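Here are the chains, one letter per residue:
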Amino acid sequence: MSSHSQKPVEFKENTSIVVFGASGDLSKKKTFPALFGLFREGFLDESCRIIGFARSKLSDDDLRGKIEPNLKKPNGDKDSEKVKQFLKMVSYMSGPYDQDEGYETLAKELEAHEEKNSVEHPHRLFYLALPPSAFVTVCTQIKKNVYAKDGDNRVVVEKPFGHDLDSFRELQNDITPLFREDELFRIDHYLGKEMVKNLVLMRFANTFLSSAWNKENIEMMQISFKEPFGTEGRGGYFDDIGIIRDVMQNHLLQILTLLTMERPVSFDAESVRDEKVRVLKAFAPIEKEDILIGQYGKSEDGSKPGYLDDDTVDPDSKCVTFAALGFKIQNERWDGVPFVMRAGKALNEGKVEIRVQFKGVPSGIFSDISRNELVIRVQPDEAIYLKCNSKTPGLSTTCQVTELDLTYSRRYKDYWIPEAYESLIKDVMMGDHSNFVRDDELDVSWKLFTPLLKYLEGPDAPKPEEYAYGSRGPKNLVSFLENHKYEFEDNNVYQWPVATPDMTSGLSKM
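What counts as what
Residues numbered from 1 in each chain as written. Predicted model: local features only at pLDDT ≥ 70, side-chain atom pairs only at ≥ 80, totals over all residues. Heavy atoms only, no water. UniProt positions renumbered as here; feature names shortened; annotations may be inferred. Helix = DSSP H or I, 4+ residues; strand = E, 2+ residues; numbered from the N terminus. Buried < 20%, exposed > 50% of the residue type's maximum accessible area, 1.4 Å probe, protein only. Salt bridge = Lys/Arg side-chain N within 4 Å of Asp/Glu carboxyl O. Pairing = 2+ DSSP bridges. Axes fitted to C-alpha atoms, helices over the stretch in contact; angles between N-to-C directions. Parallel < 35°, antiparallel > 145°, perpendicular 65-115°, else oblique. Left-handed = near helix turned anticlockwise from the far one by under 90°. Contact = heavy atoms within 4.5 Å. Nonpolar A, V, L, I, M, F, W, Y, C, P; charged D, E, K, R; others polar.

Visitor: Run through the UniProt feature "domain: Glucose-6-phosphate dehydrogenase NAD-binding" (unreviewed entry) in the chain, naming residues and quoting values.
Guide: UniProt marks residues 18-198 with the feature "domain: Glucose-6-phosphate dehydrogenase NAD-binding" (unreviewed entry), using the numbering shown here. Secondary structure content for residues 18-198 is 44% helix and 17% strand, and the end C-alpha separation is 30 Å.

Visitor: I'd like to hear about the side chain of Asn14, residue by residue, with values.
Guide: Counting through the fold element by element, Asn14 comes out in the segment before β1 (16-20). For Asn14, a relative accessible area of 14% translates into the label buried.

Visitor: Report on the pattern of salt bridges, specifying residues and quantitative values.
Guide: Within this structure, the stated rule accounts for 36 salt bridges. Of the charged contacts, one joins Arg40 and Glu41 as a salt bridge, the two residues approaching to 3.0 Å between their closest N and O atoms. Taking the relative accessible area as the measure of exposure, Glu41 reaches 29% and is therefore partly exposed. With its nearest N and O atoms 2.9 Å apart, the salt bridge here joins Lys387 to Glu373. Of this pair, Lys387 sits in strand β13 (residues 383-391) while Glu373 sits in strand β12 (residues 373-379), and the two are 14 residues apart along the sequence. Three or more residues are tied together by salt bridges with common partners; here these are Lys226, Glu349, Lys351, Glu353, Arg355, Glu373 and Lys387.

Visitor: Quick one: what's the story with the sheet that holds β1, residue by residue and with numbers?
Guide: Spatial ordering of the open sheet is given by β3-β2-β1-β4-β5-β6, a layout of 6 strands whose pairing is parallel. Strands at the two margins of the open sheet, each flanked by one partner only, are β3 (90-94) and β6 (184-187). Between one strand axis and the next, the sheet turns through 20° on average, direction left out of account. As paired strands, strand β2 (residues 49-54) and β3 are joined by 5 bridges and run parallel to one another.

Visitor: Please set out the UniProt feature "domain: Glucose-6-phosphate dehydrogenase C-terminal" (unreviewed entry) in the chain residue by residue, giving values where relevant.
Guide: UniProt records the feature "domain: Glucose-6-phosphate dehydrogenase C-terminal" (unreviewed entry) at residues 201-488, using the numbering of this structure. Segment residues 201-488 splits into 29% helix and 23% strand. End C-alpha atoms: 29 Å apart.

Visitor: How would you sum up the packing of helix α12 (residues 269-280) against helix α15 (residues 439-457)? Please name residues and give values.
Guide: Relative orientation and spacing of two packed helices are given, respectively, by the angle between their axes and the distance between those axes. Where α12 contacts α15, the two axes come as close as 9 Å, and the packing angle between them is 15°. Comparing their axes, α15 and α12 come out roughly parallel. Considering the relative orientation of α12 and α15, their crossing is left-handed. Residues Lys276, Val277 and Leu280 of α12 pack against Asp440, Glu441, Val444 and Ser445 of α15. Taken together, the residues that form the contact of α12 with α15 break down as 3 nonpolar, 1 polar and 3 charged.

Quick look at the structure:
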């Protein structure tokens with residue numbers, strides 16, 4: 001790991017942005033729309049040059065036609081004019097990823113742009129919207145042919161960063177000689193989500209939370225990721241990945257480290273990432289009794305197919321489409337507190353949320369009273385709410401669960417809340433690594449997950465528990481959560497209390 005000693009340069013006017021894999025879905029649906037969002041909101045100057053590079057034979061107008069339907073226009077006609085301006089900044093080049101010729105032409109284009117605009121210190125941003133198999137090839141060509149030797153270069157690579165510890169280290173060993181660590185930005189788009197970026201400030205800037213954020217006050221934490229759809233014909237691709245590699249080793253682990261790390265000494269990127277690595281090193285190995293795995297079958301009404309019904313999937317596949325994992329952190333703050341991470345496909349809803357359940361109040365005047373619970377909904381409809389106990393209004397002395405509610409769509413309806421990719425690309429342009437994954441962090445995280453993956457994918461791998469498409473997950477999920485100290489409300493579902501006559505008349509014991 002290396003750090004950048006001088007203040008990073010902010011990319012503003014005349015930046016050259018090259019999007020590799022420009023003809024693919026990721027760039028069409030995420031990268032270019034994010035660049036447009038920044039342009040629309042005034043964070044990307046119209047003097048910047050955006051070049052799409054891919055193997056497909058396309059014209060400039062072909063690429064623009066692919067991009068335009070995905071550009072968001074919240075201000076109607078006003079933004080339509082912005083779309084026209086943005087598309088003029090975009091051009092396209094075709095070439096193989098493993099040959100010099102296309103990169104040499106690209107270098108001439110970048111140099112011509114910089115010379116025309118009298119750019120003495122070039123700013124070049126290379127975005128690899130590509131599969132990992134192409135990373136090393138493209139990075140090698142960038143360094144050889146289009147790296148600005150007398151300027152600033154930033155290279156953005158998408159996950160996955162390897163599929164286990166050995167493959168990550170091999171990838172790292174191939175890329176390290178090409179770029180300094182401060183030039184590399186390993187993008188995990190969950191770190192750009194508004195609620196995830198809020199975790200550090202919310203934890204450490206509020207005394208009532210920071211003072212209670214420890215084993216003395218917190219019973220357990222869980223992070224859940226739920227998708228309401230299955231692999232939808234892409235099972236052959238998913239079969240080699242599984243839900244743990246897809247979202248748990250990266251997205252959810254990033255959230256968990258932000259929830260459990262110690263307070264950084266500053267907002268400096270390296271201070272934040274130092275603390276994330278430090279807490280990761282305190283994670284105990286994952287034990288077999290802390291694992292629940294599942295694979296979805298047909299829906300109960302038979303209308304939705306099971307995972308094994310996909311023609312692209314091996315009929316004997318043990319691919320994990322649902323997993324709940326329990327973690328233990330062996331440090332002074334968290335010793336004895338269980339942390340549960342769960343994720344699954346083909347569930348009853350689409351939602352990502354964090355639940356922090358506090359310890360129950362001492363018995364005595366209270367009996368059967370609910371625990372406080374802090375819920376942070378990452379998506380959809382960002383919200384933070386605290387479930388707390390309150391007296392039922394009126395003459396009653398009964399207690400009911402209510403909530404202190406911060407729903408972003410109501411409280412911040414006049415704010416522009418950037419999409420994750422918009423936020424992260426802006427960070428790249430500013431040279432801010434705070435929300436990107438560092439090399440040593442990935443090494444520690446793969447050390448934690450690789451033994452688990454080898455166990456689940458080895459010759460003696462356990463068979464995943466089948467659950468119905470559209471259900472809440474495997475039937476053993478409730479007992480798994482209870483074994484990890486999660487306490488359910490009555491009927492397992494929290495609902496807004498509804499006033500009834502016996503709430504407002506008579507006296508009853510709390």
